[in-house]
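Coordinate analysis (summary)
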Amino acid sequence: MELRDNVKYAKTHEWVKELGDGVVEIGITDFAQDALGDIVFINLPEVDDEVVMETPFCDVESVKAVSDVYSPVTGVICQVNEELADNPALINESAFDAWIIRVKDVKEHEDFLSAEEYETFANEEA
Amino acid sequence: MELKTPIYDYHVELGGKIVPFGGFLLPVQYKTGVIAEHKAVREKAGLFDVSHMGEILITGRDALANVNMLLTNDFTVMEDGRCRYSPMCNEEGGIVDDLIVYKIKDECYLIIVNASNTDKDFAWMTAHAFGDVKMENISEQAAQAALQGPLAREIMTRVCRAEELPEKYYTFTREMEVGGIPCLVSRTGYTGEAGYEIYCAAERGEELFRLLLEAGKDLGLIPCGLGARDTLRLEAAMPLYGHEMSDEITPAEADLGFAVKMNKDDFIGKKALEEKGPAARKRVGLRITGRGIAREHCDVYIEDRKVGETTSGTFCPHLNHAVAMALLETSSASVGTSVSVDVRGRRIEAEVVSLPFYKRA
């Protein structure tokens, strides 16, 4: 499983990257994309939608199944990666580059895990 | 507790992602992933472990009479070495299982049933047995591999005598060697592609799987899991028990009327099917035209009126769009009908299309 040190991790298998000015970028982890298999559809939210911590904001469908993506933060979506709508397989190719949304006005966030902690956690779940 | 097929250890060695299915631990996919595995079968060849399928042997002087009573299809006129598909109905005309009968010879029939139904089927068959007949559940003695795809024949000819291979669809060769292993080989499959299903003794299953993979490696043969098996059968519109069929769905509703011979003297379920008359609902194909994927058990609407429910659905890698099969009321089931499907509270557009979604050129 690929891990990156410049992001933080949620137990629901999302990664969060701070972009500065209170904006964060959210995607799903490499572990999550591997567990899902080939992703063929993503139901993206819209800009200005509010996201709530521990609540789904989007769903991804692999050939096998559908899976909710949870927001690790509470805030307002300021950007959506529309490229994924046409090519959701980008998440399989590079989960940490294929961000899904950017969120501003972050009011609240989960207790994040470090890369090392997440690795231990994910291995226990696997 | 799930069983392991004789090829289990090799799946793990190959990097298969193991899941429980029909009482067995089987790979849902290998490292290549469902899409690559699906495409390999459509374009080259794929190898599946289908050892989980059940095998029931029916022998004796009244074997034919029993088979004809248990099953809806007619087996009276059938040459040795032929396969024939049939639903098996309950007294109400619902489907107990769908299966394939191999006629080994007179008074000897091999029946291939769905893994998860093996015990139920065997109990049903033995409960309805009559006369001079012996029924044996030999599922644990057999391993089965399915080699499917346009290059399947070329691969087989590398490990067996080409002239022994069954040529016609739904025929089989009972005793032949594949890489030195005694096998039964049939021209059957569950992918909509040309190919073979190869049966051998359980203890030689792994050896068979290995030698077939090796024989086809340079031609692009890869091992394929349950995920691709499902997307392939769906694309080819082959029904799956528990989805398009159940003990409450009749063969006519599942569009399997071709395998029900109402002119036979009698079979279990015949009376109920006669009384039911024309089917009030029918299995159809849906092409999803909106954005999203409909899976099973999604309600199907015409405007605000519910007209049925999906039974299976997925994204089809070869067609590159989502499809579903659904049971719709007959009056709303004609090709070209526009419907919408409720996918987790969101309506997506779809159209009734003719089946199969994919047909081999």
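Please read all numbers here as calculations on a predicted model, not as lab measurements.

Next up on the list: the state of the cysteines. Following the criterion strictly, the structure yields 0 disulfides over all chains and no others. The thiol of A:C78 is unpaired, and the distance to the nearest cysteine sulfur, on A:C58, comes to 15 Å. Not engaged in a disulfide, the cysteine B:C183 finds its nearest cysteine sulfur in B:C200; these two sulfurs lie 4.9 Å apart. You can call B:C183 buried: its relative accessible area is 4%.

Here we take up the pattern of salt bridges. Applying the stated criterion to the full structure yields 26 salt bridges over all chains. Note that B:R344 is salt-bridged to A:D59, the shortest N-O span being 3.4 Å. Placement of B:R344 in the loop between β19 (338–343) and β20 (346–353) and of A:D59 in strand β6 (residues 55–62) is noted, with the two residues assigned to different chains. Here B:R344 falls in the partly exposed class, since its relative accessible area comes to 45%. Overlapping salt bridges, with partners in common, bring together A:D59, A:E61, B:R295 and B:R344 in one network.

We now examine unusual backbone geometry. Cis geometry is adopted by the peptide bond preceding B:P356, which originates at B:L355 and carries an omega value of 0°. By the element assignment, B:P356 lies in the segment after β20. Even without being glycine, A:D105 reaches a positive phi, approximately 50°. Note that A:D105 resides in strand β9 (residues 101–109). For B:Y170, which is not glycine, the phi dihedral falls at a positive 65°. The topology assignment puts B:Y170 in the loop between α5 (152–157) and β11 (172–178). On the basis of relative accessibility, which here comes to 17%, the residue B:Y170 falls in the buried class.

It is worth spelling out a negative patch on the surface at this point. A contiguous patch of negative charge, built from A:E46, A:D48, A:D49, A:E82, A:E83 and A:D86, is present on the exposed surface. Note that A:D48 resides in the loop between β4 (39–43) and β5 (50–51).

All names here are of chain B. Note on placement: A237 falls in the loop between α7 (226–235) and α8 (270–276). Overall, the relative accessible area of 9% leaves A237 in the buried class. Between the C-alpha atoms of A237 and G285, which are 48 residues apart in sequence, the distance is 7.7 Å. Those residues in contact with A237, other than ones at most four positions away along the chain, are R283, M325, L355, P356 and F357.

Turning our eyes to something else, we now look at the sheet that holds strand β1 (residues 3–4) of chain B. All names here are of chain B. Reading across from one edge, β1-β3-β2 is the order of the 3 strands in this open sheet, with mixed pairing throughout. Whereas interior strands pair on both sides, the edge strands pair on one side only; in this sheet they are β1 and β2 (17–21). Against the sheet, α7 engages β2 and β3 (24–29), with an angle of about 70° to β3.

Interfaces are often sized by the amount of accessible area the parts lose when they come together. All names here are of chain B. With domains assigned, chain B is organised as domain 1 (3–52 + 140–235), domain 2 (55–126) and domain 3 (280–353). On a C-alpha basis, the centroid separation for the pair domain 1 and domain 2 is 23 Å. Contact with domain 1, which involves 15 residues of that partner, is made by 14 residues of domain 2. Taken together, both faces of the contact between domain 1 and domain 2 bury some 1,200 Å²; the carbon and sulfur share is 62%. Ranking the residues of domain 1 by area buried against domain 2 places Y170, F172 and Y199 at the top, with a combined share of 47%.

All names here are of chain B. Ranked by size, the top nonpolar core spans 56 residues in total, and within it Y102, L110, L286, V300, L328 and V341 carry the most contacts. With 5 residues, the single largest contributor to this core is strand β18 (residues 321–329). With residues near it in sequence (within four places) discarded, V300 still touches L286, R305, K306, V307, G308, E309, T310, A326, L328, V339, S340 and V341. Counting 30 residues, the second largest nonpolar core, distinct from the first, contains I7, A45, I181 and L208.

Attention now goes to the packing of aromatic side chains. This model, assessed by the stated rule, comprises 10 aromatic pairs over all chains. Consider the rings of A:Y9 and A:F96, whose centres lie 6.2 Å apart with planes at 80°: the pair is edge-to-face. Pair noted here: A:Y9 is in strand β1 (residues 8–9) and A:F96 is in the loop between α3 (90–93) and β9, with a separation of 87 residues, a long-range link. Residue A:Y9 is classed as buried on the basis of its relative accessible area, which comes to 0%. Relative accessible area serves as the criterion here: at 3%, A:F96 is assigned to the buried category. Members of the aromatic cluster, connected to one another through ring pairs, are A:Y9, A:W15, A:F31, A:F96, A:Y118 and A:F121. A cation sits over an aromatic face here: A:R102 above A:W99, 3.9 Å from the ring centre. Above the ring of B:Y301, the side-chain terminus of B:R347 is found at 3.8 Å from the ring centroid.

Thresholds, definitions, all that
Residues numbered from 1 in each chain as written. Chains lettered and ligands numbered in written order. Predicted model: local features only at pLDDT ≥ 70, side-chain atom pairs only at ≥ 80, totals over all residues. Heavy atoms only, no water. Disulfide = S-S within 2.5 Å. Buried < 20%, exposed > 50% of the residue type's maximum accessible area, 1.4 Å probe, protein only. Salt bridge = Lys/Arg side-chain N within 4 Å of Asp/Glu carboxyl O. Helix = DSSP H or I, 4+ residues; strand = E, 2+ residues; numbered from the N terminus. Patch = residues over 30% accessible without salt bridge, like charges linked within 9 Å, V, L, I, M, F, W, Y side chains within 5 Å. Areas by Shrake-Rupley, 256 points an atom, 1.4 Å probe, with all protein chains shown as cover. Lys, Arg positive; Asp, Glu negative; His and termini not counted. Charge placed at Lys NZ, Arg CZ, Asp CG, Glu CD. Contact = heavy atoms within 4.5 Å. Pairing = 2+ DSSP bridges. Axes fitted to C-alpha atoms, helices over the stretch in contact; angles between N-to-C directions. Domains from an automatic or database assignment. Buried area = accessible area lost by both parts, 1.4 Å probe. Core = buried A, V, L, I, M, F, W, Y, C linked by side-chain atoms within 4.5 Å. Phe/Tyr/Trp six-rings, centres within 6.5 Å; stacked < 30°, edge-to-face > 60°. Lys NZ or Arg CZ within 6 Å of the ring centre and 35° of its normal.

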